[in-house]
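# A structural walkthrough
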Amino acid sequence: PKYPVLNLSHAVAVILYEIYLQEILHGKRAFSVDLPSKYEREAFLEYILKLLNYIDYPEHKKKKVLLVFRRIIGKNMVTRGELHILMSFFRRIYLRTKRESS
């Protein structure tokens, strides 16, 4: 009552604590993220490599590009659905460029 404004960081801490309690006490998962499997992540990187090979990307730069995509997938907690959308996007690019060059 004396201090009606709660600092944002304190409010977040209280909410996260309540979520934690729900998970511990009731076994409820408040947030679940469907992360891609290692196989799916590797399949995505294979698409990228296929595309790099197809467009004759410089050999000495391919490793760096793959590393960047690997880091993007790892750092941003890309969901399984998001990864499949990216795979579909790159697959369409690959197929279209292949069709247009034939």
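First, a word on scope: everything that follows refers to the structure included in this document. Quantities reported herein were computed from a predicted structural model and do not represent experimental measurements. (Residues numbered from 1 in each chain as written. Predicted model: local features only at pLDDT ≥ 70, side-chain atom pairs only at ≥ 80, totals over all residues. Heavy atoms only, no water.)

### A closer look at the overall build of the chain
Looking only at helices and strands, the chain features four helices and zero strands. Counting all 102 residues of the chain, 17% fall into the buried class. Counted over contacts in the chain with a minimum sequence separation of 6, partners at least 24 positions apart contribute 68%. As presented, the chain carries roughly 8600 Å² of accessible surface, and 61% of it is formed by carbon and sulfur atoms. (Helix = DSSP H or I, 4+ residues; strand = E, 2+ residues; numbered from the N terminus. Buried < 20%, exposed > 50% of the residue type's maximum accessible area, 1.4 Å probe, protein only. Contact = heavy atoms within 4.5 Å. Areas by Shrake-Rupley, 256 points an atom, 1.4 Å probe, with all protein chains shown as cover.)

### Section: a nonpolar patch on the surface
A cluster of nonpolar side chains, contributed by Tyr-17, Tyr-20, Ile-24 and Leu-25, occupies part of the molecular surface with about 470 Å² of accessible area. If you trace the backbone, Tyr-17 turns up in helix 1 (residues 8–26). (Patch = residues over 30% accessible without salt bridge, like charges linked within 9 Å, V, L, I, M, F, W, Y side chains within 5 Å. Salt bridge = Lys/Arg side-chain N within 4 Å of Asp/Glu carboxyl O.)

### Things to note about the pattern of salt bridges
A full pass over the atoms with the stated rule returns four salt bridges. The residue Lys-62 makes a salt bridge to Glu-59 at a minimum N-O spacing of 3.0 Å. Of this pair, Lys-62 and Glu-59 both sit in helix 3 (residues 59–75), three residues apart, which is roughly one turn of the helix. Classification of Lys-62 as buried rests on a relative accessible area of 8%.

### What about the packing of helix 2 (residues 38–54) against helix 4 (residues 80–101)?
In contact at an axis separation of 10 Å, helix 2 and helix 4 are set at 25° when each is read in the N-to-C sense. In this view, helix 2 runs roughly parallel relative to helix 4, as classed from their interaxial angle. In this structure, the crossing between helix 2 and helix 4 has a hand that is left-handed. Contact residues: Glu-40, Arg-41, Ala-43, Phe-44, Tyr-47, Ile-48, Lys-50, Leu-51 and Tyr-54 in helix 2; Arg-80, Leu-83, His-84, Leu-86, Met-87, Phe-90, Arg-91, Ile-93, Tyr-94, Thr-97, Lys-98 and Ser-101 in helix 4. (Axes fitted to C-alpha atoms, helices over the stretch in contact; angles between N-to-C directions. Parallel < 35°, antiparallel > 145°, perpendicular 65-115°, else oblique. Left-handed = near helix turned anticlockwise from the far one by under 90°.)

### Brief notes about the packing of aromatic side chains
Across all of its chains, the model carries five aromatic pairs by this definition. Consider the rings of Phe-44 and Phe-69, whose centres lie 5.9 Å apart with planes at 70°: the pair is edge-to-face. In this pair, Phe-44 is assigned in helix 2 and Phe-69 in helix 3, connecting sequence segments 25 residues apart. With relative accessibility at 1%, the residue Phe-44 sits in the buried group. (Phe/Tyr/Trp six-rings, centres within 6.5 Å; stacked < 30°, edge-to-face > 60°.)

### A closer look at the nonpolar core
In a soluble, globular protein the nonpolar side chains are often hidden away together inside. If you look at the biggest cluster of nonpolar residues, it comprises 13 residues, and the most contacted ones within it are Phe-44, Ile-48, Ile-73, Leu-83, Met-87 and Phe-90. Residue assignment for this core shows that the elements contributing at least two residues are helix 2, helix 3 and helix 4. With six residues, the single largest contributor to this core is helix 2. Ignoring anything within four residues of it in the chain, the contact list for Ile-73 reads Arg-41, Phe-44, Leu-45, Val-78 and Leu-83. (Core = buried A, V, L, I, M, F, W, Y, C linked by side-chain atoms within 4.5 Å.)

### Here we look at a positive patch on the surface
The grouping of Lys-50, Arg-91, Arg-92, Arg-96, Lys-98 and Arg-99 at the surface amounts to a positive patch. In terms of residues, the positive patch owes the most to one element, helix 4, which gives five residues. Residue classification places Arg-99 among the exposed positions, given a relative accessible area of 58%. (Lys, Arg positive; Asp, Glu negative; His and termini not counted. Charge placed at Lys NZ, Arg CZ, Asp CG, Glu CD.)

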